[in-house]
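Coordinate inspection notes
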Amino acid sequence: MSGERFYRLLLLLYPSDFRDDFGEEMIELFHYRRRKSNALTLWRLIAADVAVSLPRAWFRRSRAISPRSISTAGLALDLVVALRSLRRSAGSSALATAILAIGAGTSLTVFAALNGVLLRALPYPGAERIVRLWANDAEVDHFSFTKVEFRTYAEENKVFEFVGGDFPLDLTLTGPEGEPERLVAALTTPGYLEVFGAKPHLGRTFTFQDVGTGNSSVAVVSHGLWVRRFGADPGLVGRAMKLDGHNFTVVGVLARGFRHLTTDTDVFIPYTFGTERWIARWLELSAKLKQGVSIEQAEADIDRMSAVLAEEHERTRGWSMSVEPLADSVAGSSRYALWAAFGAVLMLFALAAANVTNLVLARAASRQHEVDLRAALGAGPFERVRQGTVENLFIAVAGLAGGVGLASRLTPHLLDLGMGSLPRLSTFETDHRVVLFGAGIGLTTVLLLGCAPVVFGAVRSRRTTVLTGRAATGISRAIGSLLTGLVVAETALAVAILAGAGLLMRSYIELVRIDPGYDRTGTVAMTVTLPGTRYPERESRIAFFDELCTRLNALPGTASSATAAYLPLGGRGALSFLNSELRVARGEPRVSSLQRIVSPEFFRTLRIPVLQGDTFDRRRPESATGQVVVGAALARQLFGEDDPVGKRVTSSETPGPGDWREVAGVVGDVRYVDLGQAPEAQYYELFDEQAWNTMTVVTRTSAGFETFLGMAREAVYAVDPEVPLFDVETLDEMAGRAFARARLNVAVFTLFSSVAIALAVAGIYGVLSFLTVRRAREIGVRMAFGASREQVLRSFVRRALTLTATGTLLGLSIAGLSFYGLRSLLYGVSPFDPLTAVAVALLLLGAGGLASFLPALRASRVDPMTALRQQ
């Protein structure tokens with residue numbers, strides 16, 4: 001754009017009489033300065049001119065607005081005339097209103113979700129000071145702590161008010177109050193409930209005296225369980241409740257409204273310390289910073305304590321500790337998806353606003369003759385544009401009202417669309433942020449549409465056009481540039497949203513194609529917990545699960561059944577360390593790996609391939625060396641290219657004669673934690689050696705889910721009618737939860753891109769149709785001088801494709817740069833993926849060509865003589 005052209009566009013901000021009197025002088029001054037100054041000095045002088053003269057010019061013109069011109073009667077008349085005008089152009093008015101409603105409604109809906117998950121304060125006193133502590137090593141991050149680390153951090157820290165740990169589990173409540181009920185429970189340390197500011201409604205919480213060195217049997221129950229199960233009996237405190245066959249004395253009832261992070265936990269019981277020997281990493285630690293303490297100070301203090309621990313306990317060496325704000329920990333990776341969706345919906349709103357601006361500018365241009373007539377009759381600048389402003393404000397208010405209504409209907413359905421997988425989104429609350437955001441987009445819309453006639457009316461109105469009628473057909477270069485510029489902006493925004501949808505869709509396809517390492521089709525999982533009082537011995541638990549699997553295998557359609565402690569995509573679970581005999585001799589450190597407890601039939605049931613050797617052999621005598629089955633990745637880390645079958649491994653750092661186990665075989669790696677991450681090192685131990693009380697039974701069956709569920713319940717009750725069965729689901733459903741976030745991202749962006757394409761096509765079509773009508777005389781003259789219809793057709797299509805191509809390049813750049821910062825949302829796809837770019841470019845160019853064809857065809861059919869006679 002040339003400097004003079006930019007300067008003339010800048011003059012549109014001034015009142016028309018100011019431009020009549022001083023416009024040409026300012027243009028001449030601009031040329032003089034351009035000859036005498038360098039570019040930087042020139043633009044500084046221009047900025048100074050505008051800063052001084054623009055407010056003065058409008059202040060002078062404000063005196064021309066008389067009280068009579070804005071009287072109540074005048075405004076009432078304007079409203080009536082505006083309603084009649086909108087009724088005459090009901091189609092375009094309804095279209096503009098619908099576009100605004102879609103843009104505003106989707107923006108409010110997505111912002112409500114963003115506010116609910118990321119911006120709304122957590123419901124804990126001093127939530128901004130609550131942090132999560134994580135243990136990290138070279139191979140594993142965000143892992144748990146041991147009880148030794150907890151005691152050190154809790155007793156020797158200088159930066160925390162409280163430190164507490166928890167470990168989730170399920171417990172079965174039995175007793176005379178009702179039927180057996182499965183409860184969500186948490187093993188917690190003293191100080192944990194205090195971190196979150198949980199106050200007892202009755203009784204008290206835990207203390208270090210409760211845990212001591214023994215097996216403390218006390219419990220704190222939630223307010224919901226107290227009301228639901230015990231009828232809000234105030235005498236519950238001090239009484240015993242039976243959990244998994246053990247009696248726990250209730251010492252407190254929590255206050256109403258307390259929610260344990262993202263889970264409605266029913267009962268809290270103490271984490272028993274026992275002796276101070278080393279145990280596995282089970283505790284997830286939370287802490288509350290003291291007033292004025294920063295994250296960096298907390299990390300420095302933890303590093304100090306960790307260094308002391310490393311000297312006393314060799315197994316803590318190599319671990320680093322990190323501190324994360326609780327809000328970031330709860331939101332997790334969902335914050336990136338929500339910010340991406342919010343950015344997309346803002347682009348969609350901008351696209352809708354640009355489209356509606358195109359419509360109202362086209363309407364204003366078509367009524368330029370009316371505005372000039374008013375000017376010829378002596379109307380001032382305010383009177384010329386007041387009518388158009390009132391009409392546009394009607395459209396803005398109606399569109400915003402429709403957007404609020406659309407948001408109120410969409411918001412409850414977000415959970416059905418898959419947003420239920422987002423944390424803290426079980427309920428929606430309209431707080432001041434949602435109201436302010438809605439007011440912001442409302443004010444933006446009102447100002448944009450209200451000022452559009454003012455900007456258009458600022459173009460010089462020549463009274464001679466009233467006599468010639470040329471204003472009815474001509475269009476200024478400034479307005480033409482503005483309209484086409486808006487088309488480019490619409491196309492760029494549509495391309496950015498569509499490219500984002502394409503990247504996420506390609507990423508989702510790549511994710512679905514991943515081989516998880518097992519076959520999940522036709523497989524059902526169910527969890528069983530054996531009461532410790534009735535199954536205290538390892539042999540009794542082995543006998544129960546063996547008989548249950550035997551009964552399940554006898555059911556019609558069953559291929560095989562197995563027992564496992566952790567299933568694929570069920571989380572990281574237990575972390576252990578393994579080392580080979582050769583590495584121990586060399587003094588090399590152990591390798592962190594996922595520990596899995598399974599029965600021998602587990603690999604056959606899930607169809608995990610056996611690469612070398614065999615799986616567990618139950619016929620081996622108990623006096624023989626124990627066995628493990630290792631995953632391929634762990635086998636490479638421990639043995640390199642050597643054959644691991646028959647070699648010995650240990651989990652002990654200083655192994656004795658009884659600490660060694662023999663590698664029975666090597667199996668394929670399974671993605672236990674995340675489909676988007678490479679499989680972690682893993683190994684399997686035989687269920688007979690551990691025999692936990694709570695295990696998951698997985699069955700491959702050809703029977704329908706409901707049919708199998710009924711038969712499985714009968715099989716469990718046939719073995720023991722008092723053992724509950726819970727968390728029954730297919731492995732496909734478990735995998736579906738792993739895909740839920742990716743599916744949600746694709747669904748949201750696909751919806752937005754569909755609307756964006758429709759708006760962009762409508763914008764291109766509307767502008768070209770308008771320009772066709774306004775350029776009828778020009779087309780007639782060109783055809784009268786020999787231009788063919790094909791040439792006219794090509795010129796219009798070429799013009800549309802040029803605008804679309806410009807917008808496409810700009811939009812692809814926006815999408816690539818945006819997703820470069822959100823690479824965590826993509827898997828196996830680059831933010832600058834050429835296939836996506838080509839597909840989006842072809843789609844938008846095709847859509848732009850189609851949108852321009854009908855106006856171009858209409859232009860090519862203009863009769864030259866008719867067009868000239870109408871002028």
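Residues numbered from 1 in each chain as written. Predicted model: local features only at pLDDT ≥ 70, side-chain atom pairs only at ≥ 80, totals over all residues. Heavy atoms only, no water.

Topic: the overall build of the protein chain
What the protein chain contains, in helices and strands, is 28 helices and 21 strands. The proportion of buried residues among the 871 residues of the protein chain is 51%. Nonlocal contacts in the protein chain, meaning residues at least 24 apart in sequence, comprise 81% of its contacts between residues at least 6 apart. Summing over all exposed atoms, the protein chain offers an accessible surface of approximately 39,700 Å²; the carbon and sulfur share of this is 58%. (Helix = DSSP H or I, 4+ residues; strand = E, 2+ residues; numbered from the N terminus. Buried < 20%, exposed > 50% of the residue type's maximum accessible area, 1.4 Å probe, protein only. Contact = heavy atoms within 4.5 Å. Areas by Shrake-Rupley, 256 points an atom, 1.4 Å probe, with all protein chains shown as cover.)

Describing the nonpolar core
Membership of the largest hydrophobic core comes to 73 residues, with the highest contact counts inside it found for Phe-160, Met-241, Phe-602 and Tyr-684. With residues up to four places along the chain from it excluded, the contact list for Met-241 reads Leu-173, Ala-219, Val-221, Leu-225, Phe-230, His-246, Asn-247, Phe-248 and Val-250. (Core = buried A, V, L, I, M, F, W, Y, C linked by side-chain atoms within 4.5 Å.)

Observations concerning the pairing of strand S5 (residues 218-221)
Side chains of S5 alternate between two faces, with Val-218 and Val-220 and Ala-219 and Val-221 buried alike. Strand direction decides the pairing type here: S5 and strand S7 (residues 246-254), joined by 4 bridges, are parallel. Within S7, the residue paired with Val-218 across the bridge is Thr-249. Where S5 lies against strand S8 (residues 267-270), 2 bridges are found, and the strand directions are antiparallel. (Pairing = 2+ DSSP bridges.)

Things to note about the packing of aromatic side chains
A ring pair, where both rings are aromatic, is described by two values, the distance of the centres and the angle of the planes. The tally for this structure, following the rule as stated, stands at 18 aromatic pairs. Each ring, one from Tyr-535 and one from Phe-544, has its centre 5.6 Å from the other, and the planes form 70 degrees; the classification is edge-to-face. Summarising the aromatic geometry, the rings of Tyr-672 and Tyr-684 are spaced 6.4 Å apart at their centres and angled 55 degrees between planes, so their arrangement reads as tilted. Of the two residues, Tyr-672 is situated in the loop between strand S18 (660-667) and strand S19 (682-686) and Tyr-684 in strand S19; the sequence distance between them amounts to 12 residues. We classify Tyr-672 as buried; its relative accessible area is 2%. In this structure Tyr-684 comes out as buried when scored by relative accessible area, which is 0%. Its guanidinium or amino end placed over the ring of Tyr-672, Arg-596 lies 4.3 Å from that ring's centre, counting from NZ or CZ. (Phe/Tyr/Trp six-rings, centres within 6.5 Å; stacked < 30°, edge-to-face > 60°. Lys NZ or Arg CZ within 6 Å of the ring centre and 35° of its normal.)

What about the packing of helix H18 (residues 538-553) against helix H23 (residues 705-719)?
Viewed as axis vectors pointing N to C, H18 and H23 meet at an angle of 140 degrees, and their least axial separation amounts to 9 Å. Viewed along their axes, H18 and H23 form a crossing whose handedness is right-handed. Contacts between H18 and H23 involve Phe-544, Glu-547, Leu-548, Arg-551 and Leu-552 from the first element and Phe-708, Ala-712, Ala-715, Val-716, Ala-718 and Val-719 from the second. Its residues assigned to classes, the contact of H18 with H23 shows 9 nonpolar, no polar and 2 charged. (Axes fitted to C-alpha atoms, helices over the stretch in contact; angles between N-to-C directions. Left-handed = near helix turned anticlockwise from the far one by under 90°. Nonpolar A, V, L, I, M, F, W, Y, C, P; charged D, E, K, R; others polar.)

Here we look at the packing of helix H6 (residues 147-156) against helix H10 (residues 295-312)
Here H6 crosses H10 at 130 degrees, and the two axes come no closer than 10 Å. Between H6 and H10, the crossing angle belongs to the class labelled oblique. Here the hand of the crossing between H6 and H10 comes out right-handed. Taking contact as the criterion, the partners of Val-148, Glu-149, Thr-152, Tyr-153 and Glu-156 in H6 are, on H10, Ile-302, Arg-304, Met-305, Ser-306 and Leu-309. Grouping the amino acids of the contact of H6 with H10 by side-chain chemistry returns 5 nonpolar, 2 polar and 3 charged. (Parallel < 35°, antiparallel > 145°, perpendicular 65-115°, else oblique.)

Structural notes on the pattern of salt bridges
Taken as a whole and assessed by the stated rule, the structure comprises 22 salt bridges. A salt bridge links Glu-685 to Arg-661, with the nearest nitrogen and oxygen atoms 2.5 Å apart. Taken together, the positions of Glu-685 in strand S19 and Arg-661 in strand S18 put the pair 24 residues apart, joining distant regions of the chain. The exposure class assigned to Arg-661 is partly exposed, which follows from its relative accessible area of 23%. A salt bridge links Glu-689 to Arg-661; its shortest N-O distance comes to 3.6 Å. Of this pair, Glu-689 sits in helix H22 (residues 687-690) while Arg-661 is found in strand S18, placing the two residues 28 residues apart along the sequence. Classification of Glu-689 by relative accessible area gives partly exposed; the value is 33%. A cluster of three or more residues bridged by salt bridges with shared partners is formed by Glu-181, Arg-228, Arg-229 and Asp-266. (Salt bridge = Lys/Arg side-chain N within 4 Å of Asp/Glu carboxyl O.)

What about H10?
For H10, with 18 residues, the first-to-last C-alpha span of 26 Å sits near the 26 Å given by 1.5 Å per residue. Listed as buried for H10 are Ala-298, Asp-301, Ile-302, Met-305, Ser-306, Leu-309 and Ala-310. In this structure, the buried side of H10 is in contact with strand S1 (130-136), H6, strand S2 (160-174), strand S9 (284-289) and strand S10 (320-325). (Expected span 1.5 Å × (residues − 1).)

Here we look at a nonpolar patch on the surface
Residues Tyr-765, Phe-853 and Leu-854 make up a contiguous nonpolar surface patch of about 270 Å² in total accessible area. Following the sequence through the fold, Phe-853 ends up in helix H27 (residues 834-860). (Patch = residues over 30% accessible without salt bridge, like charges linked within 9 Å, V, L, I, M, F, W, Y side chains within 5 Å.)

Describing the environment of Gln-612
Relative to the helices and strands, Gln-612 is located in strand S15 (residues 610-613). With near-sequence residues (within four places) excluded, Gln-612 lies in contact with Asp-643, Pro-644, Val-645, Gly-665 and Val-666. In this structure the side chain of Gln-612 is engaged in a polar contact, spanning 3.0 Å, whose partner is the side chain of Asp-643. (Polar contact = N/O pair within 3.5 Å; in protein donor to acceptor, adjacent residues only side chain to side chain.)

Brief notes about the side chain of Thr-109
Positionally, Thr-109 belongs in helix H5 (residues 90-119). Among the polar contacts made by the side chain of Thr-109, one reaches the main-chain carbonyl oxygen of Gly-105 at a distance of 2.8 Å.

Some details on helix H9 (residues 223-230)
For H9, the set of buried residues is His-223, Leu-225, Trp-226, Arg-229 and Phe-230. Each buried residue of H9 sits inside an arc of 165 degrees when the element is viewed along its axis, so together they form one side. Buried positions along H9 lie against S2, strand S3 (181-188), strand S4 (200-203), S5, strand S6 (240-243) and S7. Two residues or fewer after H9 comes Gly-231, characterised by a positive phi angle close to 60 degrees. (Arc of directions from axis to C-beta.)

Points about the confidence of the model for the protein chain
Here the protein chain averages 78 in pLDDT, while 75% of its residues score no lower than 70. Here residues 274-279 is modelled with pLDDT under 50, and outside its nearest four sequence neighbours on either side it reaches 16 contacts, counting other chains as well. (pLDDT = per-residue confidence, 0-100.)

A word on the environment of Phe-349
With respect to the helices and strands, the residue Phe-349 is situated in helix H12 (residues 334-366). With 407 residues separating them in the primary sequence, Phe-349 and Ala-756 have C-alpha atoms 9.4 Å apart. Non-local contacts of Phe-349, meaning those with residues more than four positions away in its chain, are made with Gly-103, Ala-104, Ser-107, Ile-441 and Thr-445.

Notes on the environment of Pro-831
Tracing the sequence through the fold places Pro-831 in the loop between helix H26 (789-820) and H27. According to the relative accessible area criterion, Pro-831 is buried, its value standing at 13%. Once the C-alpha coordinates of Pro-831 and Tyr-820 are considered, the two residues, 11 residues apart in sequence, prove to be 5.5 Å apart. Not counting chain neighbours up to four residues away, the residues in contact with Pro-831 comprise Leu-503, Gly-816, Phe-819, Tyr-820, Arg-823 and Leu-826.

Here we look at the pairing of strand S14 (residues 591-598)
Burial analysis of S14 places 8 of its 8 residues in the buried class, the great majority of the element. Taken together, the 4 bridges between strand S13 (residues 575-580) and S14 define a ladder with antiparallel strand orientation. Across the sheet, Leu-578 pairs through a bridge with Val-591, a residue of S14.

Topic: unusual backbone geometry
In this model, Arg-607 sits at a positive phi of 55 degrees, which is unusual for a non-glycine residue. Note that Arg-607 resides in the loop between helix H20 (602-605) and S15. Within the chain, Asp-727 stands out as a residue other than glycine whose phi angle is a positive 50 degrees. Relative to the helices and strands, Asp-727 is located in strand S21 (residues 725-730).

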